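Given next are the chains, with one letter for each unit.
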Amino acid sequence: MAPAAAVAASIPSGAAFAGGSLPLAVLIALVACLFTASCVAELARELPAAGSVATYAARGLHPAVGFLVGWAYVFVEMLVPPLLLLQLGFTAAGTLHAEWSAYPADLWWPWSLAGAGVIAVAGCLGVRASARLGVVLGVFEVLVLVVFAVLLIGRAGGANTLSVFGTAHTADGYSGAAGVFAGSVYTVLAFAGFEAAAPLAEETRDPRRTMHRAVLGAALGIGLFYVLTTYAMTVYFGPDRFAEFGASGAASWEGVARASFGLFWVLVFLAVVNSTIANANACANVSTRTAFALARIRVLPGLLATLHPRHRSPVAGIAVQTAVAVAAVLGLGLAYGPVTAFLLLATVIVTVVVGVYIIVNLSCAGYFLRSGRAAVKPVRHLLFPVLGSAAFVPALLTAAGLPVFDFVTELTAPVSYAGPVVGAWMAMGAVVLLVLVRRHPERIAETARVHLDAYDPGGGRRSGTVPR
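Basis of the calculations
Residues numbered from 1 in each chain as written. Predicted model: local features only at pLDDT ≥ 70, side-chain atom pairs only at ≥ 80, totals over all residues. Heavy atoms only, no water. Helix = DSSP H or I, 4+ residues; strand = E, 2+ residues; numbered from the N terminus. Rg over C-alpha atoms; globule rule 2.2 N^0.38 Å. Buried < 20%, exposed > 50% of the residue type's maximum accessible area, 1.4 Å probe, protein only. Contact = heavy atoms within 4.5 Å. Areas by Shrake-Rupley, 256 points an atom, 1.4 Å probe, with all protein chains shown as cover. Axes fitted to C-alpha atoms, helices over the stretch in contact; angles between N-to-C directions. Left-handed = near helix turned anticlockwise from the far one by under 90°. Nonpolar A, V, L, I, M, F, W, Y, C, P; charged D, E, K, R; others polar. Salt bridge = Lys/Arg side-chain N within 4 Å of Asp/Glu carboxyl O.

(A) Representation of the overall build of the protein chain. Within the protein chain one finds 16 helices and 0 strands. For the protein chain, the C-alpha radius of gyration of 22 Å lies close to 23 Å, the compact-globule estimate for 468 residues. The principal-axis extent of the C-alpha atoms belonging to the protein chain is close to 65 × 55 × 45 Å. By residue count, 55% of the 468 residues in the protein chain fall in the buried class. A separation threshold of at least 6 residues defines the contact pool for the protein chain, and within that pool the share at least 24 residues apart is 79%. Carbon and sulfur atoms form 67% of the exposed surface of the protein chain, whose accessible area is close to 18,700 Å².

Structure (structure tokens):
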């Protein structure tokens, strides 16, 4: 996950609706996401597989649904690294231009390409190197923003108030609970990625225990971090004028740091840049492992299941991921500009990811109902899936730009191209599914297989079956 990037760019989008009640909106989003995180965690414990969400849908609903979920998930996770690399590029270029006007504001792409190189090298060195890189970068950004939040709370002094966890400070035109609800829909999107540990199940010690803790821990930990940082900035900036707060300019995280905390803004800037690389690295791991799982059962080209002989990393998948990232960054970034390209990719990603979350919620209920009445825990396996799905439906409609609610803005070109892009990709997936069902139905059935069950009795691995 990318906590610094989300705190600086994603969460402030909810301030236009929730205003100074944004901390309450974040808290509501956390509770909503925990419903889905619980479902993912329950399935990750029962079905530790590199296919993750695809395997869950295959076992909980139907193998054909599992294939389509995997098809969508690989696609969208391959687009997250270029999304973050675009943010890396325009953030670095914009800041350097602001400090030294001689640096061209539009010279963003070298930073994006440098980030792509770092991620590719880390991925090829194996999951240990890649995970360690993510941990180091993640710890840095979290520490910087936690220290900054503490400083903000201290400077706020008597302005500290729990009223920001009520509905008294919402933006004009979005009074009361309506404003908080609208803000929470936008902040929900910052939580995407809490399930990213699940595809690493086959490379993890004691995955049935570890995956459950990792998924729930990620959602809860990141949520509490978001609540802390949002509260700190809200009380410092002023709840009644927080609707003006955004992702750039004086009324932003970097702007406040520049104006009030001297050179501390440099650490905030580095935390955001660091966050883009850490998140892109994590999502590259997700996309390559999910692609490996589908290639292993031959529903994707077998080349994607190729492993490095020493590091056991899926090198072919990493090469494809890198090529897609570079092509998307340069193609879309140079055609539309890096910020517009970022918005286009973000819309595609959120639309698909939220849809996948809803299907995973349904898969949780389906899997445990199929397992027998004794295995069903009504709250975790039935109530939470329903609540999780209900919480994400407004986010799905918002991401797609469907004006079902008053606060949803209809998308304009080229961001509006996101819908046709997702539709075209899923139509291709449906065609591939029909061909496979007709010619190789056994491959579709394999999406439900948990390969860890094929380990030898001594607990060893079958050579070459999983990446490391």
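Back to the write-up after that little detour.
(B) Structural context of the packing of helix α1 (residues 3-10) against helix α11 (residues 264-296). In the contact formed by α1 and α11, the axes pass within 7 Å of each other and the chain directions differ by 115 degrees. Helix-helix and strand crossings are classified by hand; for α1 and α11 the assignment is left-handed. Judged by residue contacts, P3, A4, A5 and A8 of α1 engage A271, V272 and S275 from α11. When the residues that make up the contact of α1 with α11 are grouped by side-chain class, the tally is 6 nonpolar, 1 polar and no charged.

(C) Spatial organisation of the pattern of salt bridges. Going through the model one piece at a time under the given rule, you end up with 6 salt bridges. When the shortest N-O distance is used, the salt bridge between E42 and R45 registers 2.9 Å. Here R45 and E42 lie together in helix α3 (residues 22-46), a separation of 3 residues that amounts to about one turn. R45 gets classed as partly exposed once you look at its relative accessible area, which sits at 30%. A salt bridge links E446 to R449; the nearest nitrogen and oxygen atoms lie 3.3 Å apart. A relative accessible area of 27% places E446 in the partly exposed class. What makes R449 partly exposed here is its relative accessible area of 34%.

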